[in-house]
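Coordinates in review
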2 protein chains.
Amino acid sequence: MAGVVATNTTLTRPTSVAAHPVSAQAGGLSGRPLTARAAEVVALVRDRAGDALAVIGSGGVMDVDDALALSDAGADLVQVYTGLVYGGPALVRRIAAEPRRGPARGPLGRRGRRERRGGRVRHFGLRLQEATDRLGTLCVGVDPHPPLLAEWGLPDDADGLARFADACVEAFAGQVAVVKPQSAFFERHGSRGVAVLERLLADLRGTGTLSLLDVKRGDIGSTMQAYADAYLRDDAPLAADAITVSPFLGAGSLAPALDLARATGRGVFVLALTSNAEGPGVQHAVPAGGGSVAGDVVATVAARNAGLDGVPARPGDVGLVVGATVGDAVQRLGLDLAASGAPLLAPGLGAQGATVDDLAGVFGAAAHLVLPTSSRDLLRHGPTPGPLREAGQALAARCSAALRHP
Amino acid sequence: MAGVVATNTTLTRPTSVAAHPVSAQAGGLSGRPLTARAAEVVALVRDRAGDALAVIGSGGVMDVDDALALSDAGADLVQVYTGLVYGGPALVRRIAAEPRRGPARGPLGRRGRRERRGGRVRHFGLRLQEATDRLGTLCVGVDPHPPLLAEWGLPDDADGLARFADACVEAFAGQVAVVKPQSAFFERHGSRGVAVLERLLADLRGTGTLSLLDVKRGDIGSTMQAYADAYLRDDAPLAADAITVSPFLGAGSLAPALDLARATGRGVFVLALTSNAEGPGVQHAVPAGGGSVAGDVVATVAARNAGLDGVPARPGDVGLVVGATVGDAVQRLGLDLAASGAPLLAPGLGAQGATVDDLAGVFGAAAHLVLPTSSRDLLRHGPTPGPLREAGQALAARCSAALRHP
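Residues numbered from 1 in each chain as written. Chains lettered and ligands numbered in written order. Predicted model: local features only at pLDDT ≥ 70, side-chain atom pairs only at ≥ 80, totals over all residues. Heavy atoms only, no water.

Turning our eyes to something else, we now look at the overall build of chain A. When helices and strands are tallied, chain A shows 20 helices and 11 strands. Evaluated residue by residue, chain A yields a buried proportion of 58% over its 406 residues. Of the contacts made within chain A by residues no fewer than 6 positions apart, 72% connect residues no fewer than 24 positions apart. (Helix = DSSP H or I, 4+ residues; strand = E, 2+ residues; numbered from the N terminus. Buried < 20%, exposed > 50% of the residue type's maximum accessible area, 1.4 Å probe, protein only. Contact = heavy atoms within 4.5 Å.)

Structure (structure tokens):
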């Protein structure tokens, strides 16, 4: 045997097609619903095959980025089928025009390929879009706070944390689009807690699940660079697919993180409007140039995303944190979230009082960019992975329905 | 032998008396210059003696807090000499009126006594005052950034960090008032880096040197509580004497940290005006009630410090971060820093362009509350501990002279 062609069609029914009549039919799907899964399978095959076999990537290649994704996942050649039907021969020409890159061989696995130096990185916005298309528009927060540990029958120590993290991986990895560990709860247990976080991030990476580490870091100069290095570098022990950052020292001071994230295909979510009562005192305040502090954050993020040379319809790489409980603040402050292209991480569902139905009202024309996040309300279904997973999937479907087809 | 009386006089010449003619004379000093040292010696004696001996604390007991400090350090009884000369019999009455507390026996050491549950904690502002009186008004930043590690001939990994931290402890512990590790540079190396930070904090604690961990955390609700737990609890692996926090989610959201710090005798420094060019866009912005974001932070901190039932002349427990490079911003924004009672952590000396002579101008009537911090400019004297220490002591003396006797 000289090689493997992967893949053909998929039997899964991603959330993006759940509302379509075709999804109720039996049989395999081609085209877009297959894209992300094809890249996963190619990566898996390449990891097992090493250099011994040629791998031909196929499945859901609808545009140049999809072809590059398969190449980055380890394919030696890329096939087009459905994309050729809809895109015509021009698609082949566009793909062939990409600079030729040899496949990155060796034991790096999917992540190493995706982010390798010199290779083209797959931007975070694209990866996020694929994940939410496939698994629904939901970010699950991993917040092992003491009462929850107790509720799950776990000790409030690093071992308890580790068992909590394992249960979350079992329940959510590969099942929801994004998993968001809250760093504070790991820092509580010092370096042993941080070691658990490290392993959790590695486990999510190993299963191809996007991680968004909630750290809300913010500093200046070489210290901000150090925070970026800590979480956004390929070789960082705590590398995540994305992090949250805090702009109290000015959104411009976050540049080292935004630059590094761009270079490594990662995402950064900047706090803009938070879901707590004390937030507006800072976030609605009026800077010298008028507008609002939150407005300046949105403008900085929008400028970053406008610089992307990709498809404008997809979410950018730099996101915003906008609470689901901010009511009409987005309108009152005149924030054009849709134009920012920013994925919008929206905490506040459940425990903080916002409902899925509130989301469309708060975000209006930007609803398609919203990534709602829920933690406590989901985690109370644990510790058994089954009910956790079901609750996550059900909520993801509800969020997708509310945001994608409002 | 039934017990030990400690101490008598001190041969040291704390910075607070360096400018006084008496400091050039030979012989031991009594009174205030002895206070902090006496508590250290009492703690040392108690740690060695365990429950086998009675310990009578003596030396520099000028007020009630000093007596309590000796009691907390492990003294069974407290003697007054010089304090009686200046304070008269009323001092004895005030000390005796304090609720009687049995000494906390056992192998807890100084820290365990100081912060033990049920006992009265010694407030951070008081501990800071003592440290700066004794060792000069300077905070040394421990910023092991990659170029500096290279300059010191150390690898950019956890082992390099550990050797860097050890050199800083050897150079600065017990020699300067406050040591400020910058968390980002430890987080860069994941849980192994955080383990080095843990050990650095423990080493500083063991030598009675105040640690101020620069983490700039900020969040809401139970997440903010988790950050407080991580750094301000007695039993936290990463417990520091004080931390920095960031108020982008509103100064009010920081309450869990301020509350816990008060309860455990620790300090919290809230970002107000930072030393970077991008800071004013947020920090000078005008909230709905007028003034400025920084002004609201100062007001929150002032209200906290006003609630202290201690001596108003000493620094409060809740500090502010105000860059030494902010020029006339303090005046322009109408911030009454002196009235806030907040210790003022002032970064920006050296590398960022501020000089010791700038300090009095920037801070005016609040100069006595300023704790200047220097990192890169000092650390370039390493890696040999001797020159590092000398540079630190020289800068501390210059800062004390500029701020205490402007």
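A few words now on the sheet that holds strand β5 (residues 178–181) of chain B. In a beta sheet, neighbouring strands are held together by backbone hydrogen bonds and run either parallel or antiparallel to one another. Residues and elements named next belong to chain B. With parallel pairing, the eight strands of this closed barrel are ordered in space as β4-β5-β6-β7-β8-β9-β10-β11. Between one strand axis and the next, the sheet turns through 30° on average, direction left out of account. Here five bridges tie strand β8 (residues 267–273) to strand β9 (residues 318–322), and the two strands are oriented parallel to one another. Residue pairing in the sheet places Phe269 in a bridge with Gly319 of β9. In this fold helix α12 (residues 221–232) packs onto β6 (210–217), β7 (242–245) and β8, with an angle of close to 155° to the strand it touches most, β6. (Pairing = 2+ DSSP bridges. Axes fitted to C-alpha atoms, helices over the stretch in contact; angles between N-to-C directions.)

It is common to give the size of an interface as the accessible area that goes away when the parts come together. Contact with chain B, which involves 52 residues of that partner, is made by 52 residues of chain A. In total, chain B and chain A occlude about 4,000 Å² of area from one another, counting both sides; carbon and sulfur atoms represent 59% of this. For the pair chain B and chain A, the interface holds six salt bridges. Its salt-bridge partner being Asp219(A), residue Lys216(B) comes within 2.8 Å of it at the nearest N-O pair. Taken together, the connections running from chain B to chain A amount to 17 residue pairs in polar contact (both at pLDDT 80 or more). When contributions to the side of chain B that touches chain A are tallied by element, the ones reaching two or more residues are α10 (183–187), α11 (190–206), β6, α12, β8 and α14 (280–283) of chain B. (Buried area = accessible area lost by both parts, 1.4 Å probe. Salt bridge = Lys/Arg side-chain N within 4 Å of Asp/Glu carboxyl O. Polar contact = N/O pair within 3.5 Å; in protein donor to acceptor, adjacent residues only side chain to side chain.)

Attention now moves to the sheet that holds strand β1 (residues 3–6) of chain A. All names here are of chain A. Pairing is parallel across the open sheet formed by three strands, whose spatial order is β1-β2-β3. This sheet does not close on itself; its edge strands, each paired only once, are β1 and β3 (77–78). The pairing of β1 with strand β2 (residues 54–57) spans four bridges and is parallel. Considered in β2, the bridge of Ala6 is made with Gly57.

The next point concerns the environment of Ser246(A). Relative to the helices and strands, Ser246(A) is located in the loop between β7 (242–245) and α13 (255–264). According to the relative accessible area criterion, Ser246(A) is buried, its value standing at 5%. In sequence terms Ser246(A) and Val270(A) are 24 residues apart; their C-alpha atoms lie 6.0 Å from each other. Leave out the neighbours within four places in its chain, and Ser246(A) touches Lys216(A), Arg217(A), Gly218(A), Leu254(A), Leu271(A), Ser246(B) and Phe248(B).

Another aspect to go through is the packing of helix α11 (residues 190–206) of chain A against α11(B). Between α11(A) and α11(B), whose axes approach to 8 Å, the crossing angle comes to 175°. Overall, the two elements α11(A) and α11(B) adopt an arrangement that is roughly antiparallel. Contacts between α11(A) and α11(B) involve Gly190(A), Ser191(A), Val194(A), Ala195(A) and Glu198(A) from the first element and Gly190(B), Ser191(B), Val194(B), Ala195(B) and Glu198(B) from the second. Here the residues of the contact of α11(A) with α11(B) sort into four nonpolar, four polar and two charged. (Parallel < 35°, antiparallel > 145°, perpendicular 65-115°, else oblique. Nonpolar A, V, L, I, M, F, W, Y, C, P; charged D, E, K, R; others polar.)

On to the pattern of salt bridges. A full pass over the atoms with the stated rule returns 40 salt bridges over all chains. The residue Asp214(A) makes a salt bridge to Lys180(A) at a minimum N-O spacing of 2.9 Å. Here Asp214(A), found in strand β6 (residues 210–217), pairs with Lys180(A), found in strand β5 (residues 178–181); they are 34 residues apart in sequence, far enough to count as distant. With respect to burial, Asp214(A) and Lys180(A) carry one shared label: buried. Among the salt bridges present, the one from Asp229(B) reaches Arg188(A), with a minimum N-O distance of 3.2 Å. Taken together, the residues span two chains, with Asp229(B) in helix α12 and Arg188(A) in the loop between α10 (183–187) and α11. Each member of the pair, Asp229(B) as well as Arg188(A), is classed as buried. Three or more residues are tied together by salt bridges with common partners; here these are Lys180(A), Asp214(A), Lys216(A) and Asp219(B).

With that settled, consider helix α18 (residues 356–363) of chain B. In an α-helix there are 3.6 residues to a turn, and that puts residues three or four apart on one side. Residues and elements named next belong to chain B. What α18 keeps buried is the set Val356, Leu359, Val362 and Phe363. Looking down the long axis of α18, one finds its buried residues gathered within 100° of arc, a one-sided arrangement. Projecting away from the buried face of α18 at angles above 90 degrees are the exposed residues Asp357 and Gly361. Where α18 ends, the next residue or the one after it, Gly364, has phi of about 50°, a positive value. (Arc of directions from axis to C-beta.)

Time to look at the pairing of β7(A). All names here are of chain A. Burial along β7 is two-sided: the face carrying Ala242 and Thr244 and the face carrying Ile243 and Val245 are both buried. Relative to β7, β6 runs parallel, the two being bridged by three bridges. Looking at β7, one finds that Leu212 is bridged to Ala242. Relative to strand β8 (residues 267–273), β7 runs parallel, the two sharing four bridges. In the sheet register, Ile243 faces β8, and the bridge partner there is Val268. The β-α-β motif built from β7, the intervening α13 and the parallel element β8 has right-handed crossover chirality. (Right-handed = clockwise from strand over helix to strand, strands pointing away.)

The next subject is the UniProt feature "active site" (unreviewed entry) in chain A. Within this structure's numbering, the places UniProt gives as "active site" (unreviewed entry) are Lys216(A). Along the chain, Lys216(A) turns up in strand β6. Setting aside chain neighbours within four positions, we find Lys216(A) in contact with Gln182(A), Thr244(A), Val245(A), Ser246(A), Leu271(A), Gly218(B), Asp219(B) and Leu249(B). Polar contacts involving the side chain of Lys216(A) include one to the side chain of Asp214(A), which spans 3.0 Å. (UniProt positions renumbered as here; feature names shortened; annotations may be inferred.)

The next subject is the relation of the copies chain B and chain A. Note on the identical chains: chain B maps onto chain A by a rotation of 180° and an axial translation of 0.0 Å, with an RMSD of 0.2 Å. Each copy turns onto its partner about a two-fold axis. The residues that chain B uses at the interface reappear at the interface of chain A in 100% of cases, marking a shared surface. (Least-squares fit on C-alpha atoms with pLDDT ≥ 70 in both.)

Residue and element names in this part refer to chain A. Scanning the model with the defined rule gives four aromatic pairs over all chains in all. Geometrically, the ring pair formed by Phe124 and Phe269 is edge-to-face, given 6.0 Å between the ring centres and 90° between the ring planes. Of this pair, Phe124 sits in helix α7 (residues 124–135) while Phe269 sits in strand β8, and the two are 145 residues apart along the sequence. Phe124 sits in the buried class, given a relative accessible area of 2%. Residues Trp152 and Phe164 carry aromatic rings whose centres are separated by 4.2 Å and whose planes lie at 20° to one another, so their mutual orientation is stacked. One end of the pair, Trp152, is in the loop between α8 (146–151) and α9 (158–172); the other, Phe164, is in helix α9, with 12 residues separating them in the sequence. For Trp152, a relative accessible area of 7% puts it in the buried group. (Phe/Tyr/Trp six-rings, centres within 6.5 Å; stacked < 30°, edge-to-face > 60°.)

This part takes up the environment of Pro372(B). All names here are of chain B. Within the fold, Pro372 resides in strand β11 (residues 370–374). Along the backbone, Pro372 and Ser400 are 28 residues apart, and their C-alpha atoms lie at a distance of 9.6 Å. With near-sequence residues (within four places) excluded, Pro372 lies in contact with Thr137, Leu138, Cys139, Ala346, Leu349, Leu359, Cys399 and Leu403.

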